[in-house]
Amino acid sequence: HIDDPFDYMGRSFLHIPQDLGLNLLSDEPPEKCYVPKKLLHSYTGHTKGVQRIKLFPKSGHIFLTCSMDTKVKLWEFYKGRRCIRTYSGHAQGVRDISFNHDGTEFLSASFDRLIKLWDTETGTVKGKFTNKKIPYCVVFNPEEDKKNLFVAGTSDKKILCWDTRS
């Protein structure tokens, strides 16, 4: 893990880096795109199978992974490619994860029948949601005026909608 979550200017790891030689804030695609030809890096840290990978919204400079080892991890995509933080709090494997529209929060859906709302920066659990069934998938609503809503598909063949403010 990183030693200090803030850089010399007091910015957290959520801040989109500007010193990579890439414009991660641009909506335009790069002029040239290449088909990957070789393995660049292997990220290691989970002790069981990885279930889902989600890139940070807009920039993709960091990403989340969830695993059957009950953990969610946040990783650097560029520079040191280190594990930034490990989020522990589920009793069983984590099946799915989803960032909110600006990446400040994320959801994790676990076989322990809980969906947890996390603060990405501090690692605190801001909310817990359950219908006592296993949530298989979870996603935030992308619309600005409905950003507090999320839906989850569960093992009882239902799709449920929750409000994170409740």
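Since this is a predicted model, take the numbers as computed values, not measurements.

Considerations on the overall build of the chain
- The helix and strand tally for the chain stands at zero helices and eleven strands.
- Ordered by position from N to C terminus, the α and β elements of the chain give β-β-β-β-β-β-β-β-β-β-β.
- In terms of overall size, the chain behaves like a compact globule, its C-alpha atoms giving a radius of gyration of 17 Å where 166 residues would be expected to give roughly 15 Å.
- Referenced to the eigenvectors of the C-alpha coordinate spread, the extents of the chain come out at roughly 45 × 40 × 35 Å.
- Out of the 166 residues belonging to the chain, those deemed buried represent 39%.
- Excluding contacts between residues fewer than 6 apart, the proportion of contacts in the chain whose partners are at least 24 apart in sequence is 38%.
- Within the chain, the 20 negative side-chain charges are centred at a point lying 9 Å from the centre of the 26 positive side-chain charges.

Quick word on the packing of aromatic side chains
- Applying the stated criterion across every chain, the model contains 14 aromatic pairs.
- Aromatic side chains Phe56 and Phe99 sit 5.4 Å apart centroid to centroid with 80° between the ring planes, which places their arrangement in the edge-to-face category. One end of the pair, Phe56, is in the loop between strand E1 (50-55) and strand E2 (62-67); the other, Phe99, is in strand E5 (residues 94-99), with 43 residues separating them in the sequence.
- Classification of Phe56 by relative accessible area gives buried; the value is 6%.
- Classification of Phe99 by relative accessible area gives buried; the value is 8%.
- Pairwise contacts between aromatic rings join Tyr43, Phe63, Trp75, Phe77 and Tyr78 into one cluster.

Details of the side chain of His90
- Summarising the element assignment, His90 is placed in the loop between strand E4 (83-88) and E5.
- At 2.6 Å, the side chain of His90 forms a polar contact with the side chain of Ser108.
- Looking at His90, its side chain comes within polar contact range of the side chain of Asp112, at 3.0 Å.
- Look past the residues within four positions of His90 in its chain and what remains in contact with it is Thr70, Ser108, Ser110, Asp112, Leu114, Lys116 and Trp118.

Re the sheet that holds strand E9 (residues 135-140)
- Sheet architecture is open: three strands sit in the order E9-E10-E11, paired in antiparallel fashion. Here the strands that pair on one side only, and so sit at the sheet edges, are E9 and strand E11 (159-163). The sheet shows a mean angle of 25° between the axes of neighbouring strands, taken without regard to direction.
- Relative to strand E10 (residues 149-154), E9 is paired through five bridges, and the arrangement is antiparallel. From the neighbouring strand, Pro135 faces E10, where its bridge partner is Thr154.

What counts and how
Residues numbered from 1 in each chain as written. Predicted model: local features only at pLDDT ≥ 70, side-chain atom pairs only at ≥ 80, totals over all residues. Heavy atoms only, no water. Helix = DSSP H or I, 4+ residues; strand = E, 2+ residues; numbered from the N terminus. Rg over C-alpha atoms; globule rule 2.2 N^0.38 Å. Buried < 20%, exposed > 50% of the residue type's maximum accessible area, 1.4 Å probe, protein only. Contact = heavy atoms within 4.5 Å. Lys, Arg positive; Asp, Glu negative; His and termini not counted. Charge placed at Lys NZ, Arg CZ, Asp CG, Glu CD. Phe/Tyr/Trp six-rings, centres within 6.5 Å; stacked < 30°, edge-to-face > 60°. Polar contact = N/O pair within 3.5 Å; in protein donor to acceptor, adjacent residues only side chain to side chain. Pairing = 2+ DSSP bridges. Axes fitted to C-alpha atoms, helices over the stretch in contact; angles between N-to-C directions.

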